[in-house]
Amino acid sequence: MDEKEVIVIAAIAIPVTLVIIVIVLFSVFSRRKNRLLQEQERAKKAFDRELAESQIEIREETLRNISWELHDNIGQLMTLAKIQSQMAQERPELLSEVSETIGTGIDELRALSKLINPEALKSLSLREAVSLEIERFNRLKFIAANLKVEGTEIPIEGNIQIIIFRILQEFFSNTIKHSRASTLDVVLNYSETFLNISAGDNGVGFDKSDKFMGIGLKNMETRAQLINSTLKIDSEKDKGTTLHLQYFYI
Amino acid sequence: MNALFESLQNAHIALYAIVFVISVVKFPLYKNSALKVLPIILFLTLFTESLGMYIKFVYALSNTIIYNIYYFFYFSLFFYVFKEVIEEKRFKKYIKIGLALYCLIYLGDWFYTDFMNRGFVISYIAGATILVFCIILYYISILQSSLVLVVKNDLLFWVSVGLFLFYIGYIPIKIIRTWFYKQDSFFEILLVIQFSLIIIMYLFFLTGFLWMKKRS
């Protein structure tokens, strides 16, 4: 092959190759971009779905709590007031006790009314929402619960806060219903880059191979992943269960 | 044909100057990133080309040594940019190895080539090939990240497309010019392609500077 043939071949091959490269380059980049956009869209839909489910579950849990409070707390106070008022018919000096019991009932009713007001719930921070749950557990004597806040509180975006709260609420609910624990310790540790939450009970624990528990855990893990968090639940038979959730602000 | 060469040569010097000025104007948008060395590269190119032409046409002397020195800084600075921008450690290591290899070959050229009268062809081809390799690594890293969504506004993307197209086209021309060169009109076709490649490359640079958005 002489130099003229080489030059002619190069003169044709170079522009053709460059055109092919440009087409391939831009089609690869646009396909990848479209795929990423689709993935983002799917992730957003999954997030919205989980958010909606979390909101519904929080509402259901709240209704269940109201039912418990009405039955176990306010209902009991009213029953006591009724008995005291019947006794007061014979012993009028007991009327002050009736008044005191009814007063406690009214206070409990006010607290409950404040707690279930949607506007009040929306304006709560994660710490305040968790704190109200802990206070409720202690008031109803479900469990000896304790909340500890470390570091300076950093506000968390509303939708993310709902999902974190729902994860914790599900854990608390499992603790009260199944763990037979006497204590529940919750720690919210705010650092500059992430929020570390740990919640541990001293209950009977569970075996991770338990299929029913596995589904619940999977659900919590999926929600944690959607908000860029890591969730770990450690449990051992008769040694309690601890939840570790780490949420990165960005 | 000579008129065409002259106009293409003037066009590319003018483009060097325009792109350099725009790179300085847009400098605040990328001064905090590794791309801050781009105006230096563009200025070096403009300065070397102007000085090279001046020495050649005014004093009728060989300007090869100027280019031999210039290409070392040119390739090294581009390797630095890609090494800094790419985040994957494995790719950074490959670029460091590429840079070391290039330095060795470049050093070898000083010993084995008549640096006053002959261009450092081997180290140039090595530098250009390693640069193409760096660009491929950069593309892989973009495709693996979400940066692909905003690539249109990424200065380095457009710069790398310009460089990629230029070197894919120019490496064969350089090889043919070095080992098959004969003074006849056929080579002029390749020179037209070479000048066109330079113009295309600088048009991509220009697009990058005009479309870019701030990058930290």
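Before reading further, recall that the structure is shown in the block above.
Remember, predicted model here, so these are calculated numbers, not experimental data.

Caption draft 1: Broad picture of the overall build of chain B. Tallying secondary structure elements over chain B gives eight helices and zero strands in all. Principal-axis analysis of the C-alpha atoms places the extent of chain B at approximately 50 × 35 × 30 Å. The buried share among the 216 residues of chain B stands at 32%.

Caption draft 2: Structural detail: the overall build of chain A. Summing up its helical and strand segments, chain A has six helices and five strands in all. When its helices and strands are written in sequence order, chain A yields α-α-α-α-β-α-β-β-α-β-β. Referenced to the eigenvectors of the C-alpha coordinate spread, the extents of chain A come out at roughly 125 × 40 × 35 Å. Per-residue burial for chain A yields a buried fraction of 21% across its 250 residues.

Caption draft 3: Representation of unusual backbone geometry within the structure. All names here are of chain A. For Asn-228, which is not glycine, the phi dihedral falls at a positive 60°. With respect to the helices and strands, the residue Asn-228 is situated in the loop between α6 (211-226) and β4 (229-236). With 13 C-beta atoms counted inside 10 Å, the residue Asn-228 sits in the partly exposed group.

Caption draft 4: Summary view of the pairing of strand β3 (residues 194-201) of chain A. All names here are of chain A. Where strand β2 (residues 183-190) lies against β3, seven bridges are found, and the strand directions are antiparallel. Note on β3: the bridge partner recorded for Val-186 is Ala-199. Note: β3 against strand β5 (residues 240-248), seven bridges, orientation antiparallel. Bridge pairing in β5 links Phe-194 to Phe-248.

Caption draft 5: Highlighting the interface of chain B and chain A. Across the contact, 19 residues belong to chain B and 16 residues belong to chain A. Looking at the side of chain B that touches chain A, the elements that each hand over two or more residues are α7 (155-179) and α8 (185-211) of chain B. The element that contributes the greatest number of residues to the side of chain B that touches chain A is α7(B), accounting for seven residues. Looking at the side of chain B that touches chain A residue by residue, the class counts come to 16 nonpolar, two polar and one charged.

Caption draft 6: Just the nonpolar core, in detail. Counting 57 residues, the largest nonpolar core has Phe82(B), Leu131(B), Cys134(B) and Met201(B) as its most contacted members. For this core, the elements supplying multiple residues, two or more each, are α1 (3-90) of chain A together with α1 (2-25), α3 (38-58), α4 (64-85), α5 (89-112), α6 (121-143), α7 and α8 of chain B. With 13 residues, α7(B) is the largest single contributor of residues to this core. Contacts of Cys134(B), omitting those with residues within four sequence positions, involve Phe79(B), Phe82(B), Ile95(B) and Gly98(B). Core analysis: the second largest hydrophobic core is formed by 27 residues, Ile163(A), Ala181(A), Ile197(A) and Leu231(A) among them.

Caption draft 7: Representation of the environment of Ile143(A) within the structure. Residues and elements named next belong to chain A. Structurally, Ile-143 can be placed in the loop between α4 (126-139) and β1 (144-150). The exposure class of Ile-143 is buried, given the 21 C-beta atoms found within 10 Å. Expressed as a C-alpha distance, the spacing of Ile-143 and Ser-182, which sit 39 residues apart in the sequence, is 5.3 Å. When sequence neighbours within four positions are dropped, the list of residues in contact with Ile-143 reads Phe-137, Thr-175, Ile-176, Ala-181, Ser-182, Thr-183 and Leu-184.

Caption draft 8: Up close: the sheet that holds β5(A). All names here are of chain A. One open sheet accounts for five strands, arranged β1-β2-β3-β5-β4; its pairing is mixed. On the outer flanks of this sheet lie β1 and β4, each paired with one strand and no other. Direction aside, the axes of adjacent strands within the sheet are offset by 10° on average. Of the strands in this sheet, β1 and β2 touch α4, which is tilted by about 160° from β1.

Caption draft 9: Local environment of the packing of α5(B) against α6(B). Residue and element names in this part refer to chain B. In the contact formed by α5 and α6, the axes pass within 9 Å of each other and the chain directions differ by 170°. Compared by their axis directions, α5 and α6 come out roughly antiparallel. For the pair α5 and α6, the contacting residues are Phe-91, Tyr-94, Ile-95, Gly-98, Leu-101, Tyr-102, Ile-105, Tyr-106 and Asp-109 in the first and Ile-122, Ser-123, Ala-126, Gly-127, Ile-130, Phe-133, Cys-134, Leu-137 and Ser-141 in the second. Its residues assigned to classes, the contact of α5 with α6 comprises 13 nonpolar, four polar and one charged.

Caption draft 10: Just the pairing of β1(A), in detail. All names here are of chain A. Across seven bridges, the pairing between β1 and β2 is parallel. Within β2, the residue paired with Leu-147 across the bridge is Val-186. At this point the chain moves from β1, through helix α5 (residues 158-179), to the parallel β2, and the crossover so formed is left-handed.

Caption draft 11: The arrangement of the packing of α3(B) against α4(B) in detail. Residue and element names in this part refer to chain B. With their axes 10 Å apart at the nearest point, α3 and α4 run at an angle of 170° to one another. By the angle class used here, α3 and α4 are roughly antiparallel. Two packed elements cross with a definite hand, and for α3 against α4 that hand is left-handed. Of α4, the residues touching α3 (which contributes Ile-40, Ile-41, Leu-44, Thr-48, Leu-51 and Gly-52) are Ile-66, Tyr-67, Tyr-70, Phe-73, Tyr-74, Leu-77 and Phe-78. Among the residues forming the contact of α3 with α4, the class breakdown is 11 nonpolar, two polar and no charged.

Cut-offs used in this document
Residues numbered from 1 in each chain as written. Chains lettered and ligands numbered in written order. Predicted model: local features only at pLDDT ≥ 70, side-chain atom pairs only at ≥ 80, totals over all residues. Helix = DSSP H or I, 4+ residues; strand = E, 2+ residues; numbered from the N terminus. Buried ≥ 20, exposed ≤ 12 C-beta atoms within 10 Å, placed from the backbone. Pairing = 2+ DSSP bridges. Contact = placed C-beta atoms within 7 Å. Nonpolar A, V, L, I, M, F, W, Y, C, P; charged D, E, K, R; others polar. Core = buried A, V, L, I, M, F, W, Y, C linked by C-beta atoms within 7 Å. Axes fitted to C-alpha atoms, helices over the stretch in contact; angles between N-to-C directions. Parallel < 35°, antiparallel > 145°, perpendicular 65-115°, else oblique. Right-handed = clockwise from strand over helix to strand, strands pointing away. Left-handed = near helix turned anticlockwise from the far one by under 90°.

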